[in-house]
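A closer look at the structure
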Amino acid sequence: MELLVLFGTFTFLLLIGTPVAFCLGASSFATIAFIGLPPVVVFQRLNSGISVFALMAIPFFIYAGELMVRGDIARRLVALAGGIVGHLRGGLGQVNISASVLFGGISGSAAADATAIGGIMIPQMAERGYGRDYAVSVTVMSSIIALMLPPSHNLIIYSISAGGRLSIADLFTAGIIPGLVLAMSLMLVAWWIARRRGYPTERFPGFGVLAGLLINAVPGLILVAIIFGGVRSGIFTASESSCIAVVYAILVTIFAYRTLSWTAFVEATLNAVRTSSMVLLVIGSAAAFGWLLAYMRVPTALVEALKDVSDNPIIILLMLNVVLLLLGTFMDMSPLIVITTPIFLPVATAYGVDPVHFGIILILNLGIGLCTPPVGAVLFVGCAVGRVSVGQAMRSIVPFYIAAVATLMLVTYMPALSLWLPSLFH
C-alpha cells in the first residue's frame, strides 16, 4: 500500500504537469505521512541529498559550459570539425556529429550541445539543401555523446547516487570509448542517409587551413585536457577541476578570444544559477524519494523477483535496459539517475556487473530517453532550435535510434568497452 501511495501520487502529479522536483517531494511527503513517520524526515533527506561536497562540481561545470557557449567556442569547434570530416559523404551531418564530440568534452551537457551546435549547424544544413528533419535528427542524437564524456555532470550524480564510493575519474574515463563508438555509429548512419538522399559533401580546405583551424580551437580544447587530465592524474578533485574550468573559461573567452561581452557574461551567470538550482532541487527531492524506496526494501524485493524470472545475466541486463529505456521516455535524466541507481545497481552487481560499467549503461540508456517522445527534453530543444515539429523530426530519426540502441547493446554485453581504459590507470 505504501508503494501505491508513493508511485500513485508521483504519477498523478506528473500527469497534471507538476514539475518533477515537486512531484518527487510531494509524493515522498504523502508516503511518509501515510506510514506515520515524522514529516521532517523528508526535509532531512532532501538536505542530506544535496549536502555532498562532490556536488559542488555540477554548478561550476555548468557555469564553465555556459561561458564557453557564449564565448564563441562552439563556432570554432564546428569550423575545426568541418575541416576534418566535412569532405566525407554527408558533409555537414558528419561535421555536426564531430563537433558534438569536441564540444561535449567542454560542456558535458546534451541540452547545451543541442542548443550550441544546433544553432550553428541546422541553419547551415538547411541552406545547403539538407532536410531540416535530418538536420534536427543528427543534432539531437549526437548531443547525447556529451553525456558520456568528461565533464558529464550526470556521471557525477551517478557516483553520488551509488553511495559516493565510485571514482569520478574512473567514470569519466569509462565513458570515452562508448562515446566514440556512439559517434562512429551515428556517422555511419549519417553517411547512409546522405547517400540515399543525395546530400553534398564539402570541399577539403587543405592541410594549411586545417592547421589554422586547429590552432584557433586549441585554447578551447585545452579545457578538456585540464578537466580530464587533472582529475585522472589525481592533481585535483572533480570539484576543484570544475572551479579551475570556470577560471580558465573566463580567461580564454575574455583575453584569448575576446568574445565574451559583459552582457553575455551576465547571461551565462544567470543561466548557470538557474540550471544549477533546478538540478540540485531535483537531486534533493529524488534523494528523499530514493530513501523511501530503500526503507521499503524495494531493491531487495526486485532482486528476488528477477531471480525468479531468470538466472541468466544476459536476460537480466536486457530486462534492465528495456525498463530504463521506457522510464527515460517519461522522466528527465537527473531524477531518474538518483531514483533508479539505488534500485537497479544492486540488481546489476548481484549478477556480476561492475558498478562503473553499469553507470555507463545507465547514462546511455537515459540519454536515448532524452531524445524520445513524449518527454524527451533534448528532442524538444532540437526541434525548437530547428523550427520543426516533433512529428517532422521523427521522419528521419529512426535510423539514428537504431544506431544508438545497437551501441547500447555493445556497451552492455562488451564490458571491456567501458572498463579497459580505466584499467590502464590502475
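For every chain, the first residue of the written sequence is number 1, and numbering continues from 1 onward in sequence order. Totals for whole chains, interfaces and linings use every residue, but because this is a predicted model, local features are given only for residues with pLDDT of at least 70 and side-chain atom pairs only at 80 or more, for both listing and counting. Excluded from the side-chain calculation are hydrogens and water; included are all heavy atoms of the structure.

Applicable threshold: UniProt positions are given in the numbering used here, feature names are shortened, and annotations may be inferred rather than shown by experiment.
Per an unreviewed UniProt entry, the chain carries the name TRAP transporter large permease protein and comes from Tritonibacter horizontis. The Function (unreviewed entry) field of the UniProt record for the chain holds the comment "Part of the tripartite ATP-independent periplasmic (TRAP) transport system."

**Examining the packing of aromatic side chains**
Rules: Only Phe, Tyr and Trp rings take part, Trp by its six-membered ring, and two of them pair if their centres are within 6.5 Å. Stacked means planes under 30 degrees apart, edge-to-face means over 60, and tilted covers everything else. Going along the chain from the N terminus, every DSSP run of H or I of four or more residues is numbered as a helix, and every run of E of two or more is numbered as a strand. Note on classification: 1.4 Å probe, protein chains only; a residue is buried when its accessible area is under 20% of the maximum for its type, exposed when over 50%, partly exposed between these limits. Placement of a positive charge over a ring is assigned whenever Lys NZ or Arg CZ falls within 6 Å of the ring centre and within 35 degrees of the normal to the ring plane.
In this structure the tally under the stated criterion is four aromatic pairs. Taking 5.6 Å as the distance between ring centres and 55° as the angle between the ring planes, the aromatic pair formed by F10 and F289 counts as tilted. Of this pair, F10 sits in helix α1 (residues 2–15) while F289 sits in helix α14 (residues 262–295), and the two are 279 residues apart along the sequence. Residue classification places F10 among the buried positions, given a relative accessible area of 7%. Look at F289 and you get buried, because its relative accessible area is 2%. A network of ring pairs unites the aromatic residues Y130, Y134 and F400 as a single cluster. One Lys or Arg, R76, reaches over the ring of Y257 and ends 3.8 Å from the middle of that ring.

**Topic: the pattern of salt bridges**
Our working rule: For salt bridges, the criterion is a side-chain nitrogen of Lys or Arg within 4 Å of an Asp or Glu carboxyl oxygen.
Evaluated as defined, the whole model comprises three salt bridges. When the shortest N-O distance is used, the salt bridge between R70 and E66 registers 2.3 Å. Pair noted here: R70 and E66 are both in helix α4 (residues 57–70), with a separation of four residues, about one helical turn. E66 gets classed as buried once you look at its relative accessible area, which sits at 12%.

**Overview of unusual backbone geometry**
Note that the residue after P150, namely P151, is joined by a cis bond; omega there is 15°. Note that P151 resides in the loop between α8 (132–143) and α9 (153–161). Even without glycine at this site, R387 takes up a positive phi of about 55°. Here R387 lies in the loop between α19 (377–386) and α20 (390–413). Residue classification places R387 among the exposed positions, given a relative accessible area of 74%.

**Some points on the nonpolar core**
Short version of the rule: Here the nonpolar core consists of buried residues drawn from Ala, Val, Leu, Ile, Met, Phe, Trp, Tyr and Cys, with membership extended through side-chain atoms lying within 4.5 Å. Contacts were defined at the residue level, with two residues in contact if any of their heavy atoms lie within 4.5 Å.
The biggest cluster of nonpolar side chains holds 137 residues, and the ones touching the most others in it are Y134, M141, L320, F358 and F400. Beyond its immediate chain neighbours, meaning those up to four positions away, L320 contacts L306, F344, V347, A348 and F358.

**A few points about α20**
Quick reminder of the rule: By this rule the span expected of a helix is its residue count minus one, scaled by 1.5 Å. Each residue is assigned a bend, namely the angle between axes fitted to the seven residues that terminate at it and the seven residues that start at it.
In a regular helix each residue adds 1.5 Å, so 24 residues correspond to 34 Å; α20 covers 32 Å between its end C-alpha atoms and thus fits that length. Most pronounced at S396, the bend in α20 amounts to some 55°, and the proline P399 follows within four residues. Tucked inside the fold, the buried residues of α20 contact α8, α11 (176–197), α16 (313–328), α18 (355–370), α19 and α21 (416–423).

**Observations concerning a nonpolar patch on the surface**
To keep things clear, this is the line we draw: Each patch is assembled from residues with relative accessible area greater than 30% and no salt bridge, linking like charges that lie within 9 Å and nonpolar side chains (Val, Leu, Ile, Met, Phe, Trp, Tyr) that lie within 5 Å. Only the protein chains shown count as covering a residue, and every accessible area follows the Shrake-Rupley method with a 1.4 Å probe.
Together, I314, I315, L318, V322, L326 and Y413 make up a nonpolar patch on the protein surface, roughly 500 Å² of accessible area in all. Per-element accounting of the nonpolar patch gives the leading share, five residues, to α16. One can find Y413 in helix α20.

**Overview of the side chain of T139**
Inspection of the secondary structure assignment puts T139 in helix α8. Accessibility expressed as a relative area gives 0% for T139, which makes it buried. Those residues in contact with T139 that lie beyond four places of it in its chain are N96, A114, G118 and I122.

**Let's talk about the packing of α8 against α20**
As a reminder of what qualifies: Here an axis means a line fitted to C-alpha atoms, over the contact stretch when the element is a helix, while the angle between two N-to-C directions is reported on a 0 to 180 degree scale. Here the angle decides the label: under 35 degrees means roughly parallel, over 145 means roughly antiparallel, 65 to 115 means roughly perpendicular, and every other value means oblique. By convention, the crossing between two helices is left-handed when the near helix turns anticlockwise from the far helix through less than a right angle, and right-handed when the turn is clockwise. When residue character is reported, Ala, Val, Leu, Ile, Met, Phe, Trp, Tyr, Cys and Pro are called nonpolar, Asp, Glu, Lys and Arg charged, and the others, Gly included, polar.
Between α8 and α20, the least distance of the axes is 8 Å, while the angle of their chain directions is 40°. Classified by the interaxial angle, the pair formed by α8 and α20 is oblique. Considering only the axes of α8 and α20, their crossing is right-handed. On the side of α8, the interface is formed by D133, Y134, V136, S137, V138, V140 and M141, while α20 contributes Q392, A393, R395, S396, I397, F400, Y401 and A404. Residue classes in the contact of α8 with α20 are distributed as 10 nonpolar, three polar and two charged.

**Looking at the layout of surface pockets**
What counts, and what does not: A pocket here means an open set of points on a 1 Å grid, computed over the protein atoms alone, that has protein on both sides within 12 Å along at least five of seven lines. A cavity is instead a set of points where a 1.4 Å probe fits but cannot get out; residues with an atom within 4 Å of a point line either one. Grid points are joined across faces, edges and corners, and a volume is the space filled by probe spheres set on the points.
By volume, the largest pocket is sized at about 890 Å³. Taken together, 34 residues form the lining of the largest pocket, with A111, T275, M278, V279 and D332 sitting closest to its centre. Of all the elements in the fold, those that place two or more residues in the lining of the largest pocket are α2 (20–35), α4, α7 (110–127), α9, α14, α17 (333–350) and α19. Approximately 350 Å³ is the volume found for the second largest pocket. Put simply, the parts of the chain that give the lining of the second largest pocket at least two residues each are α1 and α17. Here the lining of the second largest pocket is composed, by residue class, of 13 nonpolar, two polar and no charged.

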